[in-house]
Amino acid sequence: MAHPTQLGFQDAASPVMEELLHFHDHALMIVLLISTLVLYIIVAMVSTKLTNKYILDSQEIEIVWTILPAVILVLIALPSLRILYLMDEINDPHLTIKAMGHQWYWSYEYTDYENLGFDSYMVPTQDLAPGQFRLLETDHRMVVPMESPIRVLVSAEDVLHSWAVPSLGVKMDAVPGRLNQTAFIASRPGVFYGQCSEICGANHSFMPIVVEAVPLEHFENWSSLMLEDA
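Residues numbered from 1 in each chain as written. Predicted model: local features only at pLDDT ≥ 70, side-chain atom pairs only at ≥ 80, totals over all residues. Heavy atoms only, no water.

- Taking an unreviewed UniProt entry as the reference, the protein is identified by name as Cytochrome c oxidase subunit 2 belonging to Schizothorax kozlovi.
- Check the Catalytic activity (unreviewed entry) section of the UniProt entry for the protein; it says "4 Fe(II)-[cytochrome c] + O2 + 8 H(+)(in) = 4 Fe(III)-[cytochrome c] + 2 H2O + 4 H(+)(out)". (UniProt positions renumbered as here; feature names shortened; annotations may be inferred.)

Right under this line is the structure:
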């Protein structure tokens, strides 16, 4: 959960998000080193009247400043490609959930069960219970078992939406007439919040996403109760 004055990302709750955080720190360190070097060169050029003809006209230094940026780009590109492939990998999911975007709420269908599905609306401010978050809490949470590969099929009924949960490292566009898929593994129990990340109309800010990761036995009890109520 993000908090005021937070500068970094939310704490990772999935292996993919942990990899994304590591890549962010890796790229940020490279940018910091480049920025420091460029600042030093600018300050040195402005603050001295001395010139060196071997720097102003030198084949060696031109070779260095051509090869060095290429090496830096490779150091950024290789980890980036690795994470892209990891994010696109879906191996033997234990559970498949279809998330359908509407104006302006989400509906979820657990496709491995016969009649397990529900709509998820934002809880109005006046109906919030103590401890619940304004504009983020929903009347029905998407409950998933922790430490299990979950596949999410994402689509939309009317306009473009985007199903995004930052702490799980998941963000997938919901396009009408198209079925996109993504996957995640919740590495710990908890409640993880997200919002529609596509400007989808007047109430775009009022269709939150809440994913609750629980132990497998608790998920089985929850699914049994939901099926009884259906």
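Read on, since the account is not over.
A word on the domain arrangement of the protein
Then, in step 1: As far as domains go, the protein holds domain 1 (13-86) and domain 2 (93-227).
Then, in step 2: Regarding the contact of domain 1 and domain 2, the summed buried area is about 540 Å², with carbon and sulfur atoms giving 55% of it.
Then, in step 3: For the domain 1 face of the interface with domain 2, the top three residues by lost area are Ala13, Ser14 and Met17, together amounting to 74%.
Then, in step 4: For the pair domain 1 and domain 2, the interface holds zero salt bridges.
Then, in step 5: On the surface where domain 1 and domain 2 come into contact, there are three residue pairs in polar contact (both at pLDDT 80 or more).
Then, in step 6: Looking at the side of domain 1 that touches domain 2, its residues break down into five nonpolar, one polar and no charged. (Domains from an automatic or database assignment. Buried area = accessible area lost by both parts, 1.4 Å probe. Salt bridge = Lys/Arg side-chain N within 4 Å of Asp/Glu carboxyl O. Polar contact = N/O pair within 3.5 Å; in protein donor to acceptor, adjacent residues only side chain to side chain. Nonpolar A, V, L, I, M, F, W, Y, C, P; charged D, E, K, R; others polar.)

Brief notes about a nonpolar patch on the surface
Then, in step 1: Among the surface-exposed residues, Ile34, Leu37, Val38, Tyr40, Ile41, Ile42, Met45 and Val46 lie close enough to one another that they form a single nonpolar patch of about 820 Å² accessible area.
Then, in step 2: With respect to the element layout, Ile41 can be found in helix H1 (residues 15-47). (Patch = residues over 30% accessible without salt bridge, like charges linked within 9 Å, V, L, I, M, F, W, Y side chains within 5 Å. Areas by Shrake-Rupley, 256 points an atom, 1.4 Å probe, with all protein chains shown as cover. Helix = DSSP H or I, 4+ residues; strand = E, 2+ residues; numbered from the N terminus.)

Structural notes on the packing of aromatic side chains
Then, in step 1: Within this structure, the stated rule accounts for nine aromatic pairs.
Then, in step 2: A centroid spacing of 6.1 Å and a plane angle of 35° characterise the contact between Tyr110 and Phe118, whose relative ring orientation is tilted. Like Tyr110, the residue Phe118 is buried in the burial classification.
Then, in step 3: Taken together, a centroid distance of 6.2 Å and an interplanar angle of 90° make the contact between Phe118 and Trp222 edge-to-face. With a gap of 104 residues between them, Phe118 in strand E3 (residues 117-120) and Trp222 in helix H4 (residues 216-229) connect regions that are remote in the sequence. By the burial criterion, Phe118 is buried, and Trp222 matches it.
Then, in step 4: Through a chain of ring-to-ring contacts, three or more aromatic side chains come together here, namely Tyr108, Tyr110, Tyr113, Phe118, Phe219 and Trp222. (Phe/Tyr/Trp six-rings, centres within 6.5 Å; stacked < 30°, edge-to-face > 60°. Buried < 20%, exposed > 50% of the residue type's maximum accessible area, 1.4 Å probe, protein only.)

Notes on the environment of Arg82
Then, in step 1: By the secondary structure assignment, Arg82 is in helix H3 (residues 59-88).
Then, in step 2: Along the primary structure Arg82 and Pro69 are separated by 13 residues, whereas in three dimensions their C-alpha atoms are 20 Å apart.

Topic: the state of the cysteines
Then, in step 1: In the structure shown here, the tally under the stated rule is zero disulfides.
Then, in step 2: The thiol sulfur of Cys196 is not disulfide-bonded, and the nearest other cysteine sulfur, from Cys200, lies at 3.9 Å.
Then, in step 3: Overall, Cys196 belongs to the buried group, its relative accessible area being 5%. (Disulfide = S-S within 2.5 Å.)

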